[in-house]
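# Working through the structure, step by step
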Amino acid sequence: METPCKDLIDTHCHLDAAVFAGDHEAVHEQARRAGVTTMVVPGISCRGWWRLLDLCTRLVGCYPALGLHPLFLGDHCGEHLGELERLIATHPVCAVGEIGLDFWDKEADSESQGKLFADQVAIAAQAKLPLILHVRKAHDQVLAMLRRLRFSHGGIVHSFSGSLRQAHRYAELGFCLGVSGTVTYERATRVRGVVAAMPLADLVLETDAPDIAPAGCRGERNSPANLPLVLEALSVIRSESGADIGAATSANARRLFGIGAID
Ligand SMILES: [Zn+2]
């Protein structure tokens, strides 16, 4: 689709996911043609970090983040934290993520998740890197931990789905809210209300590809080239121009991650 902004940033796409194997270049090229010049690719487990780093050196405008995702606790071990420290000290990693707490499943091991999260927040603080957060049913807990740990390097709450009160609390701590394809669904009234009410300075765009396909592409493999659909929905929800929202959210992401503009 025609995009009103030629320099969009997808702050969360899993280009390294198995479903993109074999056509990374094509997906990347299609995204660039849609005006998505920059993509942040977050890691989920130690096993995938090297492949992710390699992919981001090959594809222009792709920036790696490394982290241990709370939903894959069984894949992680203490040594991976040491590896995380080593890799972020020696590679151009833009954030620690995606990390966080996911209490969607009531049986989730909240204690182990909390320990893993706190350890990674400490590593990010040491390296002065922002965070990419994955949080479900645990916003108050994450907010309390960030405060207790005095984390001050900000980041993004990916595909934010909490309340307006929680959104303001994150903003106070220097976090932007990741606006994903969820907002393209009219029934997502709470999240649409939140992204309408928050200042533009607190929002960034993301696709979460290959997940969260926007309305109209449901059931399909999502792609960073769909980011303009998220922008378009946000523009309608906020009654602001796509050009203004695109420029502001890209500037927010560049500031957060310390990423320069791309020609
Ligand atoms: Zn993700």
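What you are looking at is a predicted structure, and each value in this text was computed from that prediction instead of being measured.

### Focus on the overall build of the protein chain
Tallying secondary structure elements over the protein chain gives nine helices and eight strands in all. Here the protein chain has a C-alpha radius of gyration of 17 Å; the compact-globule value for 263 residues is 18 Å, and the two agree. By the burial criterion, 58% of the 263 residues in the protein chain qualify as buried. Intrachain contacts of the protein chain at a sequence separation of at least 6 include 72% that bridge at least 24 residues. Accessible surface, the protein chain: about 11400 Å² in total, of which carbon and sulfur atoms supply 52%.

### A short note on the sheet that holds strand β6 (residues 155-157)
Taken together, eight strands build an open sheet; the order of strands is β1-β2-β3-β4-β5-β6-β7-β8 and the sheet is parallel. For this open sheet the edge positions go to β1 (8-10) and β8 (203-205), each flanked by a neighbour on one side alone. The mean angle between the axes of side-by-side strands here comes to 30 degrees, regardless of whether they run parallel or antiparallel. The sheet contact formed by strand β3 (residues 62-66) and strand β4 (residues 95-102) spans two bridges and is parallel. Residue pairing in the sheet places A65 in a bridge with A95 of β4. Sitting on the sheet, helix α9 (residues 242-257) touches β1, β2 (36-42), β4, β5 (131-136), β6, β7 (175-179) and β8, and the angle it makes with β8 is about 95 degrees.

### Considering the nonpolar core
One finds L15, L131, L133, L146 and Y170 to be the most contacted residues of the largest nonpolar core, which totals 70 residues. What L133 contacts, discounting residues up to four positions off in sequence, is I99, F117, V142, L146, I156, V157, H158, Y170 and F175.

### So, the packing of helix α8 (residues 227-238) against α9
The geometry of α8 relative to α9 is characterised by a closest axis approach of 9 Å and an angle of 115 degrees between their N-to-C directions. Our classification of the angle between α8 and α9 gives roughly perpendicular. Crossing handedness for the pair α8 and α9: right-handed. Residues L231, L234, S235 and R238 of α8 pack against G242, I245 and G246 of α9. A per-class count over the contact of α8 with α9 returns three nonpolar, three polar and one charged.

### Description of the side chain of T249
For T249, the position within the fold is in helix α9. Other than its neighbours up to four places away in sequence, T249 contacts L203, V204 and L205.

### Details of the pattern of salt bridges
One pass over the structure, following the stated rule, counts 12 salt bridges. A salt bridge links R221 to D23, with the nearest nitrogen and oxygen atoms 3.1 Å apart. One end of the pair, R221, is in the loop between β8 and α8; the other, D23, is in the loop between β1 and α1 (24-33), and 198 residues separate them in sequence. Accessibility expressed as a relative area gives 25% for D23, which makes it partly exposed.

Reading the values: rules and limits
- Per chain, residues are indexed from 1 in the order of the written sequence.
- Only residues with pLDDT of 70 or above have their local features reported here, since the model is predicted, and side-chain atom pairs are shown and tallied only from 80 upward, although totals for entire chains, interfaces and linings are computed over all residues.
- Excluding hydrogens and water, the side-chain figures rest on all heavy atoms present in the structure.
- A run of H or I in DSSP becomes a helix once it reaches four residues, and a run of E becomes a strand once it reaches two; helices and strands are each numbered from the N terminus.
- C-alpha atoms define the radius of gyration in this analysis, and the globule rule sets the expected value at 2.2 Å times the number of residues to the power 0.38.
- Each residue is assigned to one of three classes by its accessible area relative to the maximum for its type, calculated with a 1.4 Å probe on protein chains only: buried under 20%, partly exposed between the two thresholds, exposed over 50%.
- It only takes one pair of heavy atoms within 4.5 Å for two residues to be counted as in contact.
- Reported accessibility uses the Shrake-Rupley method at a 1.4 Å probe radius. Residues are deemed covered only where the shown protein chains occlude them.
- We treat two strands as partners when DSSP finds at least two bridges between them.
- Structural elements are reduced to axes, namely lines fitted to C-alpha atoms, with helices fitted over the stretch in contact, and the angle between N-to-C directions of any two is expressed from 0 to 180 degrees.
- The definition of a nonpolar core used throughout is a set of buried Ala, Val, Leu, Ile, Met, Phe, Trp, Tyr and Cys residues joined through side-chain atoms within 4.5 Å.
- An angle below 35 degrees is read as roughly parallel, one above 145 as roughly antiparallel, one from 65 to 115 as roughly perpendicular, and any other as oblique.
- Helix crossings are classified by the rotation of the near helix relative to the far one: an anticlockwise turn of less than a right angle makes the crossing left-handed, while a clockwise turn makes it right-handed.
- Residues are grouped as follows: Ala, Val, Leu, Ile, Met, Phe, Trp, Tyr, Cys and Pro are nonpolar; Asp, Glu, Lys and Arg are charged; all remaining types, including Gly, are polar.
- The salt bridge criterion pairs a side-chain nitrogen of Lys or Arg with a carboxyl oxygen of Asp or Glu, the two atoms within 4 Å.

Honestly, it's all geometry; don't read function into it.
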